Amino acid sequence: MTATLPVGSDPQSVRKRIELLERMLEGLIEVPGLRRKVGLDAIVGLIPGVGDVVTAAMGLYLVWEARNLGLSRWQVWRMLGNVGVDTVVGAVPLAGDLFDFLYRSNTRNLKIIRSHLDRHHPQTRLIDQ
């Protein structure tokens, strides 16, 4: 599967870009036997200290894109809270790694952005085939 990364600032390009990033962060590889996908957030988070900082920066990119799309301050603060909780709790050794596996802050943030886009830019909505 090859995916081209759209570089435009129009809502359609932003939607494709953030959905691709969310997929990389939360659903890159399926864990055999559990039938649950994990992504870079859980995998890179296993690296003590550095992993959580890197994935937090990637999560903050989603927040930045949301801010540029014109989401309300409340929505942006909710997204920042999701990234903050994921980063702080994810930094705890072992328990934080399990938390990263279960708490998908980037998926939560994508839902907030999708809701905004569906309401304000319905032409960006894609029909799954």
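Above this text is the structure in question.
Source: prediction; values computed, not measured. (Residues numbered from 1 in each chain as written. Predicted model: local features only at pLDDT ≥ 70, side-chain atom pairs only at ≥ 80, totals over all residues. Heavy atoms only, no water.)

**Student:** Any chance you could explain the overall build of the protein here in plain terms?
**Tutor:** In terms of regular secondary structure, the protein is built from six helices and two strands. Its helices and strands in sequence order give the protein the pattern α-β-β-α-α-α-α-α, from N to C terminus. Since a compact globule built from 129 residues should have a radius of gyration of about 14 Å, the 15 Å found for the protein is in line with a globular shape. Dimensions along the principal axes, computed over C-alpha positions, put the protein at roughly 40 × 35 × 20 Å. Counting across all 129 residues of the protein, residues that qualify as buried make up 40%. (Helix = DSSP H or I, 4+ residues; strand = E, 2+ residues; numbered from the N terminus. Rg over C-alpha atoms; globule rule 2.2 N^0.38 Å. Buried < 20%, exposed > 50% of the residue type's maximum accessible area, 1.4 Å probe, protein only.)

**Student:** What should I look at first to understand the nonpolar core in this one?
**Tutor:** Nonpolar side chains in soluble globular proteins tend to be buried together. Counting residues in each nonpolar core, the largest one holds 17 residues, and the members touching the most others are Ile-18, Val-63, Ala-66, Leu-69, Leu-71, Met-79 and Ile-113. Mapped by element, the contributors of at least two residues to this core are α1 (11-26), α3 (50-69), α4 (73-90) and α6 (105-120). Residues within four places of Met-79 in sequence aside, it is in contact with Leu-62, Val-63, Ala-66, Leu-71, Asn-109, Ile-112 and Ile-113. (Core = buried A, V, L, I, M, F, W, Y, C linked by side-chain atoms within 4.5 Å. Contact = heavy atoms within 4.5 Å.)

**Student:** Honestly, empty space enclosed by the protein in this entry has me stumped. Any pointers?
**Tutor:** Empty space among the atoms becomes visible once a probe the size of a water molecule is rolled across them. The tally for this structure, following the rule as stated, stands at one cavity of 30 Å³ or more. Within this model, the largest cavity holds a volume of roughly 70 Å³. Of all the secondary structure elements, the ones that give two or more residues to the lining of the largest cavity are α3, α4 and α6. The leading source of residues in the lining of the largest cavity is α3, at four residues. Residue composition of the lining of the largest cavity, grouped by class: two nonpolar, five polar and four charged. (1 Å grid on protein atoms, 1.4 Å probe; cavity = no way out; pocket = protein on both sides within 12 Å on 5 of 7 lines; lining within 4 Å. Points joined across faces, edges and corners; volume = space filled by probe spheres on them. Nonpolar A, V, L, I, M, F, W, Y, C, P; charged D, E, K, R; others polar.)

**Student:** What should I look at first to understand α4 in this one?
**Tutor:** Along an α-helix, residues three or four positions apart point the same way, because every turn accommodates 3.6 residues. Helix length check: α4, at 18 residues, gives a terminal C-alpha distance of 25 Å against a target of 26 Å (1.5 Å per residue), a fit within 8%. All of the buried residues in α4 are Gln-75, Val-76, Met-79, Asn-82, Val-83, Asp-86 and Gly-90. Down the axis of α4, the sector holding all buried residues measures 120 degrees, keeping them to one side. Pointing more than 90 degrees away from the buried face of α4 are the exposed residues Arg-73, Trp-74, Trp-77 and Val-88. (Expected span 1.5 Å × (residues − 1). Arc of directions from axis to C-beta.)

**Student:** What is the right way to look at the side chain of Glu-26 in this model?
**Tutor:** Tracing the sequence through the fold places Glu-26 in helix α1. On the basis of relative accessibility, which here comes to 3%, the residue Glu-26 falls in the buried class.

**Student:** How do you make sense of the packing of aromatic side chains when you look at a structure like this?
**Tutor:** Given two aromatic rings, one states the distance between the centres and the angle between the planes to describe the pair. Applying the stated criterion to the full structure yields two aromatic pairs. Relative to Trp-64, the ring of Tyr-61 has its centre 5.8 Å away and its plane inclined at 35 degrees; by these criteria the two rings are tilted. Note that Tyr-61 and Trp-64 are positioned in helix α3 at a spacing of three residues, about one turn of the helix. Seen from their ring centres, Phe-99 and Tyr-103 are 4.9 Å apart, and the 15 degrees between their planes marks the pair as stacked. Among the residues examined, Phe-99 registers a relative accessible area of 21% and is labelled partly exposed. (Phe/Tyr/Trp six-rings, centres within 6.5 Å; stacked < 30°, edge-to-face > 60°.)

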